[in-house]
Amino acid sequence: VLLGTMLMFTEVRPKRPFDVIWEDQPPVRLEQKQVLKQLMHDIAQGDNATLHDFWHRPVCERFMNVLLEDAELGWVGSENTFSAEEFFRVHMDYMDTLRKQDQQGKNWSGITASWFRCLSFLQRGGHSTILNSFGMDTHKVVLRSARDARRVLHIAVNFDTWSEKDSTKFREQFEMPLP
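What you are looking at is a predicted structure, and each value in this text was computed from that prediction instead of being measured.

Calculation criteria
- Residues numbered from 1 in each chain as written.
- Predicted model: local features only at pLDDT ≥ 70, side-chain atom pairs only at ≥ 80, totals over all residues.
- Heavy atoms only, no water.
- Helix = DSSP H or I, 4+ residues; strand = E, 2+ residues; numbered from the N terminus.
- Rg over C-alpha atoms; globule rule 2.2 N^0.38 Å.
- Buried < 20%, exposed > 50% of the residue type's maximum accessible area, 1.4 Å probe, protein only.
- Phe/Tyr/Trp six-rings, centres within 6.5 Å; stacked < 30°, edge-to-face > 60°.
- Axes fitted to C-alpha atoms, helices over the stretch in contact; angles between N-to-C directions.
- Parallel < 35°, antiparallel > 145°, perpendicular 65-115°, else oblique.
- Contact = heavy atoms within 4.5 Å.
- Nonpolar A, V, L, I, M, F, W, Y, C, P; charged D, E, K, R; others polar.
- Pairing = 2+ DSSP bridges.
- Arc of directions from axis to C-beta.
- Patch = residues over 30% accessible without salt bridge, like charges linked within 9 Å, V, L, I, M, F, W, Y side chains within 5 Å.
- Areas by Shrake-Rupley, 256 points an atom, 1.4 Å probe, with all protein chains shown as cover.
- Salt bridge = Lys/Arg side-chain N within 4 Å of Asp/Glu carboxyl O.
- Lys, Arg positive; Asp, Glu negative; His and termini not counted.
- Charge placed at Lys NZ, Arg CZ, Asp CG, Glu CD.

Draft legend 1. Structural detail: the overall build of the protein. From N to C terminus, the protein includes eight helices and six strands. Starting at the N terminus and walking to the C terminus, you meet the elements of the protein as α-β-β-β-β-α-α-α-β-β-α-α-α-α. Over its C-alpha trace the protein gives a radius of gyration of 22 Å, far above what one expects of a compact globule, namely 16 Å for 179 residues. Considering only C-alpha atoms, the protein reaches an extent of 60 × 35 × 25 Å along its principal axes.

Now the structure itself:
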């Protein structure tokens, strides 16, 4: 997830128009800057195996180095550029930070400690809290955050369009006994 997110914020900036040639895939013409993740999708052309290969560091790093022969890489919204090695150094720093957050959150069943600090700050200030999420883990957060989870208002939007898996899990989470 982290790598995919970082790739969405990475631009490929061609020095001049060129064809991106990657393994057995047809060439893709790159004439102007493009988000790296989108370029990967363009190259994969719906081939999930090719696309998923990009999520492996050695493959992704090799691909970036191929691009760097004719382009520069940089963060969206910044003029600065970076190498593939620098990109993965940032990636490792983020991964280390996530691991630390995970370790800090172990007492709260995987919920990061920063959530509880934020909630405490808002409560001390007399503020209401709204937890907006597209994930199915919000009920777990509510159970561990509210004095009485039965009094927390839940609003489900477009429930009829949810997958069977998500709608079933949503229903089931309200059938569990409260601690």
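The discussion continues.
Draft legend 2. Inspection of unusual backbone geometry at higher detail. Even without being a glycine, Glu-23 presents a positive backbone phi close to 50°. Inspection of the secondary structure assignment puts Glu-23 in the loop between strand S2 (18–20) and strand S3 (28–30). Even without a glycine there, the phi angle at Gln-45 is positive, about 45°. Along the chain, the position of Gln-45 falls in the loop between helix H2 (36–44) and helix H3 (48–53). For Gln-45, a relative accessible area of 51% gives the class exposed.

Draft legend 3. Geometry of the packing of aromatic side chains. Counted by the stated rule, this structure contains ten aromatic pairs. Here the aromatic rings of Trp-75 and Phe-82 are separated by 4.6 Å at their centres, their planes lie at 40°, and the arrangement is tilted. The exposure class assigned to Phe-82 is buried, which follows from its relative accessible area of 9%. Aromatic side chains Trp-162 and Phe-170 sit 5.1 Å apart centroid to centroid with 85° between the ring planes, which places their arrangement in the edge-to-face category. Taken together, Trp-75, Phe-82, Phe-87 and Phe-88 form an aromatic cluster joined through their ring pairs.

Draft legend 4. Examining the packing of H2 against helix H4 (residues 57–67) more closely. Where H2 contacts H4, the axes come no closer than 13 Å and their chain directions differ by 95°. As far as their axial angle goes, H4 and H2 are roughly perpendicular. Taken together, the residues of H4 that come into contact with H2 (itself represented by Leu-36, Leu-39, Met-40 and Ile-43) are Cys-60, Phe-63, Met-64 and Leu-67. Grouping the constituent residues of the contact of H2 with H4 by class yields eight nonpolar, no polar and no charged.

Draft legend 5. Main features of the sheet that holds strand S6 (residues 81–82). Spatially, four strands are ordered S4-S1-S5-S6 in an open sheet, and the strand pairing comes out antiparallel. Each edge of the open sheet is held by one strand with a lone partner, namely strand S4 (34–35) and S6.

Draft legend 6. Inspection of H2 at higher detail. Listing the buried residues of H2 in full gives Leu-36, Lys-37, Leu-39, Met-40, Ile-43 and Ala-44. Mapping the buried residues of H2 onto a view down its axis gives an arc of 160°, with all of them on the same face. Immediately downstream of H2, the backbone of Gln-45 shows phi near 45°, a positive value.

Draft legend 7. Region of the structure containing a positive patch on the surface. Together, Lys-140, Arg-144, Lys-165 and Lys-169 give the surface a local cluster of positive charge. When contributions to the positive patch are tallied by element, the ones reaching two or more residues are helix H7 (138–145) and helix H8 (164–173). For Lys-169, the location among the structural elements is in helix H8.

Draft legend 8. Local environment of the pairing of strand S1 (residues 10–14). Most of S1 sits out of view: five of its five residues are buried. With burial as the criterion, each face of S1 is covered, one bearing Thr-10, Val-12 and Pro-14 and the other bearing Glu-11 and Arg-13. Of the strand pairs in this sheet, S1 and strand S5 (residues 71–75) are connected by five bridges, and their pairing is antiparallel. Bridging across to S5, Arg-13 finds its partner in Glu-72. Looking at chain direction, S1 and S4 are connected through two bridges and run antiparallel. Paired with Val-12 across the bridge in S4 is Gln-34.

Any link to function would need more than the numbers given here.
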